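Reading the structure
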Amino acid sequence: MLQPLRILFRPKWMVSRSSASYVSRMRHLNKIKEEDEACRAALQSGNIFLYHKLAPLLRRTDSGIYQLPALQTKDVEEILEKLGEDKEMVKESILINCTEQNEAQFSFDVGAIEQAAVEELCRGTFVDLRKAFFLLRGSEAPLVARGQALLRWHQTNGFCSSTGQPTQRNQSGSQRVCHSSGITYYPKMSPVVIVLVSDGKRCLLGRQSTFPRGMYSALAGFCDIGETMEEALRREIAEEVGLEVESIQYSCSQHWPFPQSSFMVACHATVNPDKTHVSVDKVELEDARWFSLEEVQEALTIKAPPRNNKGEPTVFWVPPSYAIANRLIQEWANQQHLKS
Ligand SMILES: NC(=O)C1=CN([C@@H]2O[C@H](COP(=O)(O)OP(=O)(O)OC[C@H]3O[C@@H](n4cnc5c(N)ncnc54)[C@H](OP(=O)(O)O)[C@@H]3O)[C@@H](O)[C@H]2O)C=CC1
Ligand SMILES: [Mg+2]
């Protein structure tokens, strides 16, 4: 019998911010999201993160730390003018969020302009998003992912799927409308369940053939339409490794930008310790197997796996800390410690 979901932890944001400032910030954000005039005004005093063909601009400080430079709107206008472009292009910026000081944050893709010229003027480098995730510190990675996801959505939703006519965005970029059919489109995420299965002593990790060598992760799968998260989780585990899940505990969630926006819902699950035979669906997974606490602990200490002369990792390792799979594995290892 499946247990009802329960929240295992209280995220920091639930306790650390005063509710008054959070409420006023969210209301401000909602206003500039919904009202074109308010959004235009916010852009004038806002921060812009630049992308080139969806690769974010990073800047390396003298101390070797990578940062996400927040440019002022007037700086971006100046860059556009210097490169012979229309400074009005900056109005295409997409609203991402706002800071604790209520400054709006936008993303803007300069993909139509020569990359090196922009990099030189900005004293930065456009970096592939996966690499940027490794280089940036905690709070900047979700921000840069969100900015990219919104830009990608706009770049691929320029036409109405009903009429084939062009769609028009609102100023903030929170939606696109087809004026011919009246359909409003909103940025889309695909729900995905990701689950760390345990038999009480070991945890089950799998790998797809496309993963870097040696890397194993928690099992994941897209939810089918009409399914609850619990149903999707049970089905994916049954399909991919032939096991029947007995209980589920919700852990946390994450927006995942690769390859397109997914909404990852992360859970722990248990199976009957007497029914742990794994039969891997070889179409989905290259391998899946049980790992001991010792093996998992060792893998969690690896920041960059050792590599052979072909550049391939030579040991068992797990996804890096920015991936929700890493968090599930950490949580499981911590729970095993508490039990022993
Ligand atoms: N953040 C993290 O820690 C982790 C994130 N992930 C992410 O989880 C996601 C799902 O994991 P994965 O195991 O690949 O999923 P599944 O087990 O559901 O299998 C993937 C297959 O589902 C099909 N598919 C692709 N997109 C969709 C969609 N939007 N809706 C329904 N079916 C779809 C594709 O089939 P076809 O090619 O035949 O069309 C694809 O090959 C991936 O995006 C992956 O990047 C996975 C592990 C860790
Ligand atoms: Mg899968």
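Coordinates for the structure precede this section.
Every value quoted in this text rests on a predicted model; they were computed, and no experiment measured them.

Contacts to ligand 1 come from 19 residues, most closely from Q208, A220, F222, E240 and A325. The separation between a nitrogen atom of ligand 1 and a polar side-chain atom of S190 is 3.1 Å. Between ligand 1 and the protein, one listed contact pairs an oxygen atom with a backbone N or O atom of A325 at 2.9 Å. Of the pockets mapped on this structure, ligand 1 occupies the second largest pocket. Those elements that place two or more of their residues in the shell around ligand 1 are β11 (190-198), β13 (219-222), α8 (229-241), β14 (245-256) and α10 (324-339). The residue inventory of the shell around ligand 1, partitioned by class, reads 11 nonpolar, 5 polar and 3 charged.

Taken together, the protein ligands of the magnesium ion (ligand 2) are A220 (O) and E240 (OE), with distances of 2.1 to 2.2 Å. Of this pair, A220 sits in strand β13 while E240 sits in helix α8, and the two are 20 residues apart along the sequence. Given the relative accessible area of 3%, E240 is considered buried.

With that out of the way, let us pick up the layout of surface pockets. Taken as a whole, the second largest pocket holds about 930 Å³ of empty space. Contributing to the lining of the second largest pocket are 36 residues, with R130, Q208, F211, M215 and W256 lying nearest its centre. For the lining of the second largest pocket, the secondary structure elements donating two or more residues are α6 (129-135), β11, β12 (203-207), β13, α8, β14, β15 (262-271) and α10. Counting residues per element, the lining of the second largest pocket draws most heavily on β13, which supplies 4 residues.

Turning our attention to helix α4 (residues 73-82). Owing to its 3.6 residues per turn, the α-helix aligns residues three or four sequence positions apart on the same side. By the burial criterion, the buried members of α4 are T73, V76, E77, I79 and L80. When α4 is viewed along its axis, its buried side chains cluster within an angular range of 160° and face the same direction. Looking at α4, the residues exposed on the side facing more than 90 degrees away from the buried face are K74 and K82. In this structure, the buried residues of α4 make contact with α3 (36-44), β1 (47-52), β4 (71-72), β6 (104-109) and α5 (115-122).

On to the packing of aromatic side chains. Counted under the stated rule, the structure contains 9 aromatic pairs. Here the aromatic cluster, defined as three or more aromatic residues joined through ring pairs, consists of F133, F134, W256, F258 and Y322. Residue placement shows R130 over the ring face of F258; its charged tip is 4.0 Å from the ring centre. The cationic tip of R289 hangs over the ring face of Y216; the distance from NZ or CZ to the ring centre is 5.6 Å.

Quick notes on the rules
Residues numbered from 1 in each chain as written. Chains lettered and ligands numbered in written order. Predicted model: local features only at pLDDT ≥ 70, side-chain atom pairs only at ≥ 80, totals over all residues. Heavy atoms only, no water. Near = heavy atom within 4 Å. Polar contact = N/O pair within 3.5 Å; in protein donor to acceptor, adjacent residues only side chain to side chain. 1 Å grid on protein atoms, 1.4 Å probe; cavity = no way out; pocket = protein on both sides within 12 Å on 5 of 7 lines; lining within 4 Å. Sits in = over half its atoms within 2 Å of the grid points. Helix = DSSP H or I, 4+ residues; strand = E, 2+ residues; numbered from the N terminus. Nonpolar A, V, L, I, M, F, W, Y, C, P; charged D, E, K, R; others polar. Donors = N, O, S within 2.8 Å, 3.2 Å for Na, K, Ca; no water. Buried < 20%, exposed > 50% of the residue type's maximum accessible area, 1.4 Å probe, protein only. Points joined across faces, edges and corners; volume = space filled by probe spheres on them. Arc of directions from axis to C-beta. Contact = heavy atoms within 4.5 Å. Phe/Tyr/Trp six-rings, centres within 6.5 Å; stacked < 30°, edge-to-face > 60°. Lys NZ or Arg CZ within 6 Å of the ring centre and 35° of its normal.

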